[in-house]
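# Structure assessment
Residues per chain, in single letters:
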Amino acid sequence: MRNFTSVHDIGNIDAALKEAFDLKKDVFKYSDLGKNRTLLAIFFNSSLRTRLSTQKAALNLGMNVIVLDMNQGAWKLETGQGVIMDGDKPEHILEAIPVMGSYCDIIGVRSFAQFESRQDDYEEKILNQFIRYSGKPVFSMEAATRHPLQSFADLITIEEYKKTARPKIVMTWAPHPRALPQAVPNSFAEWINASGYEFVISHPEGYELDSRFVGDAKIEYNQDKAFEGANFIYAKNWAAYAEPDYGRILSRDRAWTVDARKMALTDNACFMHCLPVRRNMIVTDEVIESPQSIVIPEAANRVISAQVVLKRLLTDN
Ligand code: CP
């Protein structure tokens with residue numbers, strides 16, 4: 001594996017899951033693999049879980065880690081080509097990226113959708129510039145359209161908690177006060193479709209995701225109906241994908257908040273969310289604090305997904 005930006009880079013899912021569970025048994029089994037090799041983790045956006053779990057995964061593999069917050073102390077970067085740089089951005093990303101590449105062996109990048117242009121976001125301009133100009137293996141720590149380390153951890157968690165061979169997994173839209181990217185739901189859809197499980201996506205009309213990620217998932221606009229018989233409820237907000245509403249909030253309807261009445265419609269489903277979560281917007285206190293909530297083990301598995309990816313990048317490059 002040269003880079004890791006989506007499920008397509010991980011190869012056989014069953015083999016990746018097996019590797020994850022082997023690693024989980026002994027996270028220090030490969031503690032010499034990363035000796036004298038440096039991870040540079042670059043954040044254009046805020047993070048708690050990704051920042052900490054990726055560092056922990058790298059430390060478990062014996063790597064050195066440098067973390068760079070682009071919004072705190074780094075030069076503001078110009079990203080446009082052919083721009084006369086007479087504004088407030090003193091450095092161009094085309095110099096900054098190869099310089100950053102010269103200081104490390106592997107680069108992780110977090111760069112969210114800007115919501116200025118759907119085409120720009122879905123072309124993954126920032127992430128692809130790192131792949132093109134850094135000279136180093138690059139992995140996504142959540143880009144404009146996908147969050148593959150999260151989705152891999154989600155799938156590991158589903159494997160751990162599933163009670164049937166082919167569980168019914170429901171990803172439901174839920175309200176949020178701010179416009180959020182589609183990266184998490186896109187990516188979750190892509191990984192669950194690859195797993196072959198029964199998959200239903202529920203959202204209000206107008207919140208249809210890009211069909212390339214939805215695949216063969218069933219779309220159900222009636223959230224109660226979607227929840228019936230579900231084994232896993234994966235809640236997430238996202239802003240509209242379809243033009244002309246791309247990046248806009250179309251609904252703040254709290255009738256879509258996941259509550260105990262809706263969870264009672266399921267087959268004693270586990271509740272999942274990638275976190276951070278807005279309580280009593282996305283999910284009620286009662287549900288997230290219930291025994292059905294597996295958000296903490298889900299977040300803990302972020303170390304394992306990152307460690308599998310870093311192990312492969314270290315081995316293959
Ligand atoms: N789920 C997730 O990626 O969390 P952070 O944004 O805190 O990294």
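An account of the accompanying structure is given in this report.

Reading the values: rules and limits
- Throughout, a residue's number is its position along its own chain's written sequence, starting from 1.
- Reporting of local features is limited, given that this is a predicted model, to residues whose pLDDT is at least 70; pairs of side-chain atoms are given and counted only at 80 or more, and all residues count toward the totals for whole chains, interfaces and linings.
- The side-chain numbers reported here are obtained from all heavy atoms of the structure, hydrogens and water having been left aside.
- Each helix is a run of H or I in the DSSP string that is no shorter than four residues. Each strand is a run of E no shorter than two, and both are numbered from the N terminus.
- Type-normalised accessible area, obtained with a 1.4 Å probe on protein chains alone, sets the label of each residue: buried when under 20%, exposed when over 50%, and partly exposed for intermediate values.
- Any pair of nitrogen or oxygen atoms within 3.5 Å is treated as a polar contact; in protein, a donor-acceptor pairing is required on top of that, and neighbouring residues in sequence qualify only through side-chain atoms on both sides.
- Whether two residues touch is decided by their heavy atoms; if any such pair falls within 4.5 Å, the residues are in contact.
- Here, any two strands with at least 2 DSSP bridges between them count as paired.
- Every axis corresponds to a line fitted to the C-alpha atoms, with the helix fit spanning only the stretch in contact, and the corresponding angles, defined between N-to-C directions, vary from 0 to 180 degrees.
- For the purposes of this analysis, a disulfide is any pair of cysteine sulfur atoms at a distance within 2.5 Å.
- The criterion for an aromatic pair is that two Phe, Tyr or Trp rings (for Trp, the six-membered ring) have centres within 6.5 Å, with stacked assigned to planes under 30 degrees apart, edge-to-face to planes over 60 apart and tilted to the rest.
- A positively charged side chain is recorded as over a ring if its NZ (Lys) or CZ (Arg) lies within 6 Å of the ring centre. The angle to the ring normal must also be within 35 degrees.

### Examining the side chain of Ser187
Relative to the helices and strands, Ser187 resides in helix α7 (residues 183–195). Exposure remark for Ser187: the relative accessible area of 0% places this residue in the buried category. Polar side-chain contacts of Ser187 include one of 3.2 Å to the backbone nitrogen of His147. Beyond its immediate chain neighbours, meaning those up to four positions away, Ser187 contacts Thr145, Arg146, His147, Pro148 and Ser151.

### Examining the sheet that holds strand β7 (residues 168–173)
The 5 strands lie next to each other as β9-β8-β7-β10-β11, forming an open sheet whose pairing is parallel. With partners counted over all chains shown, the strands left at the sheet margins are β9 (218–220) and β11 (270–272), one partner each. Mean inter-strand twist for the sheet, computed between neighbouring axes without regard to direction, equals 25°. Of the pairings in the sheet, the one linking strand β8 (residues 198–202) to β9 comprises 3 bridges and is parallel in character.

### Digging into the state of the cysteines
Counting across every chain of the model gives 0 disulfides. The thiol sulfur of Cys270 is not disulfide-bonded, and the nearest other cysteine sulfur, from Cys274, lies at 17 Å. Here Cys274 falls in the buried class, since its relative accessible area comes to 7%.

### Regarding unusual backbone geometry
With an omega of 5°, the peptide bond running from Glu243 to Pro244 counts as cis. Within the secondary structure, Pro244 is located in the loop between β10 (232–236) and α10 (260–263). Residue Pro276 is reached from Leu275 by a cis peptide bond, and omega for that bond is 5°. Along the chain, the position of Pro276 falls in the loop between β11 and α11 (285–288). Here Leu275, not a glycine, exhibits a phi torsion of approximately 65°, which is positive. Assignment of secondary structure puts Leu275 in the loop between β11 and α11.

### A short note on the packing of aromatic side chains
Tallying each qualifying case throughout the model produces 12 aromatic pairs. Measuring from ring centre to ring centre gives 6.4 Å for Phe4 and Trp191, while their planes differ by 70°; the resulting arrangement is edge-to-face. Of this pair, Phe4 sits in the segment before α1 (13–25) while Trp191 sits in helix α7, placing them 187 residues apart in sequence. The class for Phe4 is buried, based on a relative accessible area of 0%. Overall, the relative accessible area of 1% leaves Trp191 in the buried class. The interplanar angle of 40° and the centroid separation of 4.7 Å between the aromatic rings of Trp173 and Tyr207 together place this pair among those described as tilted. Note that Trp173 is positioned in strand β7 and Tyr207 in the loop between β8 and α8 (211–214), a separation of 34 residues in sequence. With respect to burial, Trp173 and Tyr207 carry one shared label: buried. Three or more aromatic residues joined by ring pairs make a cluster, and in this case those are Phe115, Tyr122, Phe213, Tyr241 and Tyr246. Across from the ring centre of Phe43, 4.6 Å away, lies the NZ or CZ of Arg51, which sits over that ring. In this structure, Arg118 is placed above the aromatic ring of Tyr241, and the distance from its NZ or CZ to the ring centre is 4.1 Å.

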